[in-house]
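Inside the fold
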Amino acid sequence: MKIPYLLSIITWLPAVGGIIIIALMKKDQSSLIKRFATGWFALVFLISLLLFSYDRTLGGMQFLEDYRWIPVIGARYQMGVDGVSMLLIVLTTLLGLISSLSSWNYIQKREKEYYALLLFLQTAVVGVFASLDLFLFYLFFEVSLVPMYFLIGVWGGERRLYAAIKFFLYTLVGSVLMLLGVLKMYFLTQDTALTSQITQGTINMLAGPARDMVDNSYQQALLNGTGTFNIIYMQALGSVLPMGTMQVLLFAAFAIGFAIKVPMFPFHTWLPDAHVEAPTAGSVILAGILLKLGTYGFFRFNLPMFPKASGDQAYFGGFGVRTVMITLAIIGIIYGALAAMYFVVKRDGDIKKLVAYSSVSSMGVVMLGLFALNPNGINGGVLHMISHGIYSGALFLLVGIIYERRHTRNVAEFGGLSHVMPGYAAVFLAMVMTAIGLPLLAVFISEFLAMRGAFEANPRWAAWAAIGIILNAGYMLLLYQRMFFGNIENPKNEKLSDLSGREWSYMVPLVVLSLWVGMYPKTFLDYIIRPVNSVVQQVQPLYPFPGARPTESQRAGK
């Protein structure tokens, strides 16, 4: 049984909690604020678990909501999720709860505003994943900048204002470029010469149960003399949009906005500063969720809306759009790994910067999988979003735990911690093993699928990417050796306390999830296979899916 307005409840309930904190609670009620916010996050997480009633056999967009909103421009309040966005929403609500719980001791000033901003941020992020109207998506996408800007700028480290402004300006520039692409796509939906070529079969393939919503959106747009912002209709428009300068420019407008969010090389320079200066919860949300707004954008928009540009390898002469994306992804994988290695070797290397640069490398794997443009690669890229959200969030939490005790993140300050913090050492080891792709843990299967898809597309891509994965194992193992092995030589580490009950409560679920994804990935792959296959069919209509009957073109060898 589907609950009415479920997506709206999950989206707006955190904002209601934030308003309650601001309106009804006093600044000196810090204990009440922390408990209320954490309980409210827990409530939203429990409600989000109802999304697992998603019908995997039916596929497509489900939990649909469609209402008139701004008829003068054709914008509608349309919500819906497929298996990919459903998993990302549940991951968002889980990390929101964990972030709130992890902040109890870390945040000691302006708790009222802090927890309200965390709740507002969750509303914006869930809205991004649930929107089926591009205008609504863009509003949520932009609003998500504001809470994170204040979280870094108010509760961050010594250089917090610099990091917050840099984060805001980078992402704002990308968003402005994307807005131009959004407007152009909107006007293209009014081009009857193009829209008349869209087949109902294409809409049915992309929309599934949402096909009536898509048809209604377009019919209402025709009646009102406007375009439509319906995302699925724009994806269908991509199937008939001719390859040329216009499609390449549109691809670039969206790609730059999303590439800054990922972040891809060379748009990554805001990330280390933002992570280092952000409070622990800010880093968890930033790495675990906000980076996924970029990769999700490529999956949801760039690939299906601009399929010919996504697969292009000749537009610029000896190379094409896809070549550029793959090259930047591989550079990001290797560069991120080398930069992370530097912060282990460096005498006063910052653990948080190491984890930040490892995210650049890991997101490169996601992008490589997506632009492999085959089911294995895209399945791996999407699953790696989930895997990275689990282990990167856990690593930032672990860094925050040791920082609360020692007020330093320098690798050289530690050594022999396993003697005094055995529980902490065990959890840290589990996350390090996850990060390097140990079999039976989350990253192994997602990296394997992404690399297999890359190898299927071009063996050289996989070979170059493998260098970064090898370096990843090197710096993670070296970090663990320097922090936990050997004798305690720094007297400040001799009496450190192990994980508390509250810290165990938010670390254990992430360890369990890592084991779950690694040991039985079918639970998660069953949700993403159908939407991934729809994207592959859009980008590569002639792709030979196993068990599928060959088309006339395939039988003819075309």
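Above this note sits the structure.
Parameters at a glance
Residues numbered from 1 in each chain as written. Predicted model: local features only at pLDDT ≥ 70, side-chain atom pairs only at ≥ 80, totals over all residues. Heavy atoms only, no water. Helix = DSSP H or I, 4+ residues; strand = E, 2+ residues; numbered from the N terminus. Rg over C-alpha atoms; globule rule 2.2 N^0.38 Å. Contact = heavy atoms within 4.5 Å. Lys, Arg positive; Asp, Glu negative; His and termini not counted. Charge placed at Lys NZ, Arg CZ, Asp CG, Glu CD. Salt bridge = Lys/Arg side-chain N within 4 Å of Asp/Glu carboxyl O. Buried < 20%, exposed > 50% of the residue type's maximum accessible area, 1.4 Å probe, protein only. Pairing = 2+ DSSP bridges. Axes fitted to C-alpha atoms, helices over the stretch in contact; angles between N-to-C directions. Parallel < 35°, antiparallel > 145°, perpendicular 65-115°, else oblique. Left-handed = near helix turned anticlockwise from the far one by under 90°. Nonpolar A, V, L, I, M, F, W, Y, C, P; charged D, E, K, R; others polar. Core = buried A, V, L, I, M, F, W, Y, C linked by side-chain atoms within 4.5 Å. Polar contact = N/O pair within 3.5 Å; in protein donor to acceptor, adjacent residues only side chain to side chain.

1. Re the overall build of the chain
- The number of helices and strands found in the chain is 24 helices and two strands.
- In terms of C-alpha radius of gyration, the chain reaches 23 Å, essentially the compact-globule figure of 24 Å for 558 residues.
- Projected onto the principal axes, the alpha-carbon positions of the chain cover approximately 75 × 55 × 45 Å.
- Intrachain contacts of the chain at a sequence separation of at least 6 include 81% that bridge at least 24 residues.
- Side chains of the chain give 39 positive and 28 negative charges; the mean places of these two sets differ by 1 Å.

2. Thoughts on the environment of Phe168
- Here Phe168 shows up in helix 7 (residues 160-188).
- Measuring from C-alpha to C-alpha, the distance between Phe168 and Asp133 comes to 24 Å, with 35 residues separating the pair along the chain.
- Discounting chain neighbours no more than four positions away, the residues touching Phe168 are Leu145 and Tyr149.

3. Examining the pattern of salt bridges
- Evaluated as defined, the whole model comprises 10 salt bridges.
- For Arg56, the salt bridge is made with Asp526, and the minimal N-O distance between the two is 3.7 Å. Here the residue Arg56 occupies a position in the loop between helix 2 (30-48) and strand 1 (62-70), and Asp526 occupies one in helix 23 (residues 522-539), the gap between them amounting to 470 residues.
- Residue classification places Arg56 among the partly exposed residues on the basis of a relative accessible area of 36%.
- A residue is classified by how much of its surface remains accessible, and Asp526, at 24% relative accessible area, is partly exposed.
- Linked by salt bridges that have partners in common, Arg56, Lys522 and Asp526 make up one network.

4. Here's the deal with the pairing of strand 2 (residues 75-81)
- With seven of its seven residues buried, strand 2 lies for the most part within the structure.
- Residues Ala75, Tyr77, Met79 and Val81 line one face of strand 2 and the alternating positions Arg76, Gln78 and Gly80 line the opposite face, and both faces are buried.
- Both strand 1 and strand 2 contribute to a ladder of six bridges, which runs antiparallel. Note that in strand 2 the partner of Gln62 across the bridge is Val81.

5. So, the packing of helix 5 (residues 134-143) against helix 14 (residues 280-305)
- It is at 13 Å that the axes of helix 5 and helix 14 come closest, and there the two elements cross at 160 degrees. Taken together, the axes of helix 5 and helix 14 are roughly antiparallel relative to one another. Note on packing geometry: the crossing formed by helix 5 with helix 14 is left-handed. Of the residues in helix 14, those touching helix 5 at Leu134, Phe137 and Phe141 are Leu293, Tyr296, Phe301 and Met305.

6. Considerations on the packing of helix 2 against helix 4 (residues 111-130)
- Running from N to C, helix 2 and helix 4 cross one another at 10 degrees; their axes reach a closest spacing of 9 Å. Between helix 2 and helix 4, the crossing angle belongs to the class labelled roughly parallel. When helix 2 is examined against helix 4, the residues Ser30, Ile33, Lys34, Ala37, Trp40, Phe41 and Val44 are found in contact with a partner set consisting of Glu111, Lys112, Tyr115, Leu118, Leu119 and Gln122.
- Tallied by class, the residues present in the contact of helix 2 with helix 4 amount to eight nonpolar, two polar and three charged.

7. As for the nonpolar core
- In terms of nonpolar packing, the biggest core is built from 205 residues, with Leu134, Phe137, Phe298, Leu368, Leu370 and Phe428 touching the most fellow members.
- The contacts of Phe137, once residues within four sequence positions are left out, are Val128, Ser131, Met178, Ile231, Phe258, Tyr296 and Phe301.

8. Overview of the environment of Ser239
- Here Ser239 shows up in the loop between helix 11 (231-238) and helix 12 (245-261).
- Between the C-alpha atoms of Ser239 and Met305, which are 66 residues apart in sequence, the distance is 7.4 Å.
- Filtering out sequence-adjacent residues up to four positions away, Ser239 remains in contact with Thr202, Lys308 and Gln538.
- Looking at Ser239, its side chain comes within polar contact range of the main-chain oxygen of Ala236, at 2.5 Å.

9. Some details on the environment of Ser103
- With respect to the element layout, Ser103 can be found in the loop between helix 3 (83-102) and helix 4.
- Judged by relative accessible area, which is 1%, Ser103 ranks as buried.
- Between the C-alpha atom of Ser103 and that of Ala281, which follows or precedes it by 178 residues, the distance is 6.5 Å.
- The contact partners of Ser103, leaving out residues within four places of it in the chain, are Tyr114, Tyr115 and Ala281.

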